[in-house]
Each structure stands twice: as structure tokens, then as C-alpha cells.
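So the chains spell out like this:
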Amino acid sequence: MRYKVSAVLGVIACFASATAGGADAPSFDCGKVASEAEMTVCSSPALAALDRELARVYGLAQDGAADAERRQWLKETQRGWIKGRDECWKSDLGLAPCVANEYAFRIDEIRREFADARSGEGASSGPFAYACEGVGALVSAGFLNTPDPSVVLRWRDRAVVLPRVPSASGSRYESADWGEGTIVFWLKGDGATLSTATEETLACREDPTG
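Procedures and definitions
Residues numbered from 1 in each chain as written. Predicted model: local features only at pLDDT ≥ 70, side-chain atom pairs only at ≥ 80, totals over all residues. Heavy atoms only, no water. Helix = DSSP H or I, 4+ residues; strand = E, 2+ residues; numbered from the N terminus. Contact = heavy atoms within 4.5 Å. Salt bridge = Lys/Arg side-chain N within 4 Å of Asp/Glu carboxyl O. Buried < 20%, exposed > 50% of the residue type's maximum accessible area, 1.4 Å probe, protein only. Phe/Tyr/Trp six-rings, centres within 6.5 Å; stacked < 30°, edge-to-face > 60°.

*Asks:* Mind laying out the side chain of Arg158, listing which residues take part and the relevant values?
*Replies:* By the element assignment, Arg158 lies in strand S4 (residues 158-165). Those residues in contact with Arg158 that sit more than four places away from it in its chain are Leu153, Glu180, Thr196, Thr198 and Glu199.

Laid out in C-alpha cells, this is it:
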């Protein structure tokens, strides 16, 4: 298989920078990668940024956990998460998109479970609760403001990651990769809209009590 020289050099340069602990490096040592997923993180500044943010919120959660049982839960679920991330080579989405989604879900999960993980300044925010007409349950939105921004939405028994896409106004997050048609979450001013293949466009408002 042939590759363009410039593309190969670009990957090598990114990996070398990460291995050397540059600004784009993830939280782990890229000289000791143990999986294709880790190698992919080391060659992608966007994925490395997600890894650094996960390390940040994980550390905050670990330091703030009130008891040994909570710390043990955090450690055990992190091991399970790493195993799941490393199996992204099996995903129909492709390795890199799957890895990005896994990071987004894990960061959001830790922020939901541990109040201390929501402290400090970082690349993630939320989760915020939105009341959307007709949904019957609050919609949780956790935002990732990394080089490839995204939002994690959870409502009822559903959980999706939507990348931010270009928009003439507001912040529009959209994806058609969840097997149920295109899902759109569009923030405009103080409100938002949510649309899916099974539901019409629904007006949403942030619920401060959620």
C-alpha cells in the first residue's frame, strides 16, 4: 500500500512530539504504548487533549472521593474503560472515532458521578440539564471543548456523542452515526433544540434544578 510522504511524516512528527512529552502529548508515555488505541491517541492532538482532560477529571475524582469504596469503584471502572477503549479496533465507526467517543463518555460519566471532578478549569463542562418538550425526562448535556468539540447527551435510556459542526449561529452538534438517523442538538442563546429521527424538533431550556 502506498502512502503520501507528507502524510507519513506528519504522523511521525506527531508521534515524536507526543513521545517527547510535548504540548500535544497525552497523559501516558507514548514510548510505551500497549494498544492500537493508545498509538492512535499519541498520533492525534485532538485525542491527546481528550486523554489529558480525562486524566485531570479522574485525578480530581480520586482525590475527592469520600470513602475507599468510591475510590475502588473509580479504579475498577477505569480499568474496564481502558479495556473497552482498546477494543475500538473492532468498531464499525473506525478506530479514531470510537476512541474519541469512549473518552467523551468516560469524562462525562466521571463528572456526573463525582462533584469534585467538576471543579477547576479544564476542557470539559457540565453536565447541564435541559428540559425538552415532549421528552418526559431531563436531557443531560456534557460538553467537551477540545480541538474537536463535542457534546455527550443522555436522556431516558439513550446516550450519544455529537461532534460540533459549522453553524451560522449558535453551537450545533450533529451526528448520524447512532443507527437511528441524524440527531441534532442546537444551542442558541439561552435555549436549545433537540431533533432525532423519531421525534420532531423539540424546544429545550436549561433547567437549573436538574
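That shown, we press on.
*Asks:* Let's hear about the pattern of salt bridges: which residues, and what values?
*Replies:* This model, assessed by the stated rule, comprises seven salt bridges. Across the pair Glu53 and Arg56 runs a salt bridge, and its minimum N-O distance is 2.8 Å. Residue Glu53 and its partner Arg56 are both found in helix H3 (residues 45-64); the two are separated by three residues, about one turn of the helix. Arg56 sits in the partly exposed class, given a relative accessible area of 21%. Two residues, Arg154 and Asp108, come together in a salt bridge whose shortest N-O distance is 2.6 Å. Separated by 46 residues along the polypeptide, Arg154 in strand S3 (residues 150-155) and Asp108 in helix H5 (residues 95-113) bring together distant segments of the chain. When salt bridges with common partners are traced through the structure, they connect Glu38, Arg85 and Asp86 into a single cluster.

*Asks:* So what's going on with unusual backbone geometry? Residues and values would help.
*Replies:* With an omega of 10°, the peptide bond running from Gly126 to Pro127 counts as cis. Within the secondary structure layout, Pro127 lies in strand S1 (residues 124-132). The backbone phi angle of Arg156 is positive, close to 50°, even though this residue is not glycine.

*Asks:* Describe in detail the packing of aromatic side chains, supporting the description with residues and values.
*Replies:* Applying the stated rule across the entire model yields six aromatic pairs. Relative to Phe114, the ring of Trp73 lies with its centre 6.0 Å away and its plane at 40°, an arrangement referred to as tilted. With Trp73 in helix H4 (residues 68-86) and Phe114 in the loop between H5 and S1, this pair connects stretches of sequence that are 41 residues apart. According to the relative accessible area criterion, Phe114 is buried, its value standing at 4%. Pairing Tyr130 with Phe185 gives two aromatic rings, centres 5.4 Å apart and planes at 80°, and the pair type is edge-to-face. Taken together, the positions of Tyr130 in strand S1 and Phe185 in strand S6 (residues 183-188) put the pair 55 residues apart, joining distant regions of the chain. Accessibility expressed as a relative area gives 6% for Tyr130, which makes it buried.

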